[in-house]
Amino acid sequence: MRKLTVVIRAELDIPDDWEFVEHPSGIRVLKIGDNFVDFDIAPLTTTSSSPDAIWSDSDVELVEEVLEQVSGLDTDLELSYPQ
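1. Describing the overall build of the chain
Here's step 1: Regarding its fold elements, the chain presents one helix and three strands.
Here's step 2: Against the globule reference of 12 Å for 83 residues, the chain gives a C-alpha radius of gyration of 16 Å, more extended than a compact globule.
Here's step 3: Summarising its shape, the C-alpha atoms of the chain cover approximately 40 × 30 × 30 Å along the three principal directions.
Here's step 4: Within the chain, the proportion of its 83 residues that are buried is 8%.
Here's step 5: Of the roughly 7900 Å² of accessible surface on the chain, a fraction of 50% belongs to carbon and sulfur atoms.
Here's step 6: Taking the average place of the 5 positive charges on the side chains of the chain and the average place of its 19 negative ones, the gap between the two points comes to 8 Å.

Here you go:
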């Protein structure tokens, strides 16, 4: 079996009323209204080889098969303010 490492880095410009809080479970998350938001890996699939292919997570069996292979996941949220 081989290891595949996926590195995803995203920057979001968030409204001032979205809070960066510690959830009771101990993880740092966004708080938007009454909702806590964390980020996770979401595999997307397509059967099309077209450059304009539509990608989605609608193939539930394949998405679950991919997610079953995840042996570790770490999410690090950092809040910064523009200078």
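There's plenty left to go through after this.
2. A short note on the pairing of strand S2 (residues 28-32)
Here's step 1: Taken together, the four bridges between strand S1 (residues 19-22) and S2 define a ladder with antiparallel strand orientation. Counted as the bridge partner of glutamate 19 is lysine 31 from S2.
Here's step 2: Hairpin connection of S1 to S2: five residues between the antiparallel strands, including glycine 26 at a positive phi of 100 degrees.
Here's step 3: By the bridge criterion, three bridges tie S2 to strand S3 (residues 35-37) in an arrangement that is antiparallel. If you follow isoleucine 32 over to S3, its bridge partner there is asparagine 35.
Here's step 4: What sits between the antiparallel neighbours S2 and S3 is a turn of two residues, in which glycine 33 has the positive phi angle 65 degrees.

3. Comments concerning the environment of serine 71
Here's step 1: Relative to the helices and strands, serine 71 resides in the segment after helix H1 (60-68).
Here's step 2: Exposure remark for serine 71: the relative accessible area of 62% places this residue in the exposed category.
Here's step 3: For serine 71, the side chain forms a polar contact with the side chain of lysine 3, separated by 3.1 Å.

4. A closer look at the packing of aromatic side chains
Here's step 1: Using the criterion set out here, one finds zero aromatic pairs in the structure.
Here's step 2: Here the guanidinium or amino end of arginine 28 rests over the ring plane of phenylalanine 20, the centre of that ring lying 4.4 Å away.
Here's step 3: Residue placement shows lysine 31 over the ring face of phenylalanine 36; its charged tip is 5.5 Å from the ring centre.

5. Considerations on the environment of aspartate 13
Here's step 1: Its place among the elements puts aspartate 13 in the segment before S1.
Here's step 2: Look at aspartate 13 and you get exposed, because its relative accessible area is 83%.
Here's step 3: Residues aspartate 13 and alanine 42, 29 residues apart in the sequence, show an inter-C-alpha distance of 21 Å.

Calculation criteria
Residues numbered from 1 in each chain as written. Predicted model: local features only at pLDDT ≥ 70, side-chain atom pairs only at ≥ 80, totals over all residues. Heavy atoms only, no water. Helix = DSSP H or I, 4+ residues; strand = E, 2+ residues; numbered from the N terminus. Rg over C-alpha atoms; globule rule 2.2 N^0.38 Å. Buried < 20%, exposed > 50% of the residue type's maximum accessible area, 1.4 Å probe, protein only. Areas by Shrake-Rupley, 256 points an atom, 1.4 Å probe, with all protein chains shown as cover. Lys, Arg positive; Asp, Glu negative; His and termini not counted. Charge placed at Lys NZ, Arg CZ, Asp CG, Glu CD. Pairing = 2+ DSSP bridges. Polar contact = N/O pair within 3.5 Å; in protein donor to acceptor, adjacent residues only side chain to side chain. Phe/Tyr/Trp six-rings, centres within 6.5 Å; stacked < 30°, edge-to-face > 60°. Lys NZ or Arg CZ within 6 Å of the ring centre and 35° of its normal.

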